[in-house]
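Descriptive analysis of the structure
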Amino acid sequence: VGHRLDLAEGAVGSVLAGVNVSRTVDNHYLLRFASLVGHYYEIQYSGDGVNWKAARPVLTGTGAQLAWVDNGPPKTDSDSSTVATRYYRVIIFDAL
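In this report, the structure presented in the accompanying data block is examined. Worth saying up front: this structure is predicted, and the values here are computed from it rather than measured.

**Let's talk about the environment of Ile91**
Relative to the helices and strands, Ile91 resides in strand S8 (residues 87-93). Put simply, Ile91 and Ser14 are 77 residues apart on the chain and 5.3 Å apart in space, counted from C-alpha to C-alpha. When near neighbours in sequence (up to four residues on either side) are disregarded, Ile91 contacts Gly13, Ser14, Val15, Tyr40, Tyr41, Glu42 and Gln44.

**Description of the nonpolar core**
Burial of nonpolar side chains together is a common tendency in soluble globular proteins. Counting residues in each nonpolar core, the largest one holds 14 residues, and the members touching the most others are Phe33, Tyr41, Ile43, Leu59, Trp68, Tyr88 and Val90. Within the residue set of this core, elements represented by two or more residues are strand S3 (29-34), strand S4 (40-46), strand S7 (65-70) and S8. Not counting chain neighbours up to four residues away, the residues in contact with Tyr41 comprise Leu16, Phe33, Ala34, Ser35, Leu36, Val58, Leu59, Gly61, Leu66, Val90, Ile91 and Ile92.

**Digging into the sheet that holds S3**
Taking strand neighbours across the sheet as the criterion, the three strands line up as S2-S3-S7 in an open arrangement whose pairing is antiparallel. In the strand order of this sheet, the two ends are held by strand S2 (20-23) and S7, each with one partner. Strand-to-strand twist in this sheet, taken as the mean axis angle between neighbours without regard to direction, amounts to 20°. Pairing of S2 with S3, which is carried by four bridges, proceeds in the antiparallel orientation. Considered in S3, the bridge of Ser22 is made with Leu30.

**Focus on the environment of Asn51**
Tracing the chain through its elements places Asn51 in the loop between S4 and strand S5 (53-54). Remark: the alpha-carbon pair of Asn51 and Tyr87, spanning 36 residues in sequence, is separated by 9.9 Å. Beyond its immediate sequence surroundings of up to four residues, Asn51 is in contact with Tyr45 and Ser46. A distance of 2.8 Å separates polar atoms of two side chains, one belonging to Asn51 and the other to Asp48.

**So, unusual backbone geometry**
Note the cis peptide between Arg56 and Pro57, where omega equals 0°. Relative to the helices and strands, Pro57 resides in the loop between S5 and strand S6 (59-60). At the junction of Pro73 and Pro74, the peptide bond is cis and its omega measures out at 5° in the coordinates. Looking at the secondary structure, you find Pro74 in the loop between S7 and S8. Unusually for a residue other than glycine, Asn27 sits at a positive phi of about 75°. Within the fold, Asn27 resides in the loop between S2 and S3. A relative accessible area of 35% means that Asn27 is categorised as partly exposed.

Definitions and cut-offs
- Residues numbered from 1 in each chain as written.
- Predicted model: local features only at pLDDT ≥ 70, side-chain atom pairs only at ≥ 80, totals over all residues.
- Heavy atoms only, no water.
- Helix = DSSP H or I, 4+ residues; strand = E, 2+ residues; numbered from the N terminus.
- Contact = heavy atoms within 4.5 Å.
- Core = buried A, V, L, I, M, F, W, Y, C linked by side-chain atoms within 4.5 Å.
- Buried < 20%, exposed > 50% of the residue type's maximum accessible area, 1.4 Å probe, protein only.
- Pairing = 2+ DSSP bridges.
- Axes fitted to C-alpha atoms, helices over the stretch in contact; angles between N-to-C directions.
- Polar contact = N/O pair within 3.5 Å; in protein donor to acceptor, adjacent residues only side chain to side chain.

This is how it looks when you write it as C-alpha cells:
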C-alpha cells in the first residue's frame, strides 16, 4: 500500500486528524485513515509520545482509506504486539 520513498530533507507536513488506531486479532497495532491522491503519508511512532521515529515506507495516497499494520521490522524497530503502548501520528505531505 505504498512505495519505497523518502521525504526530502526539510519537507514540511501537517499532522493528519481522523486516524483510527486499533489492535488486530494477533495484537498488532492497525492504523486506518482517509487519503488523498497525490499526497504522501509518513507514519511516526513513539514509546513515550515525545520522541518520534519515522516508520517506513512513506505511503502514497490513493483517494481511498489506507490501512497500515505495525508488525515490526523493517517498518518499525520492534513488533508492536510486544509493547503495551505505542503512540502514532500520521504526517501528510503535498509532495516529496
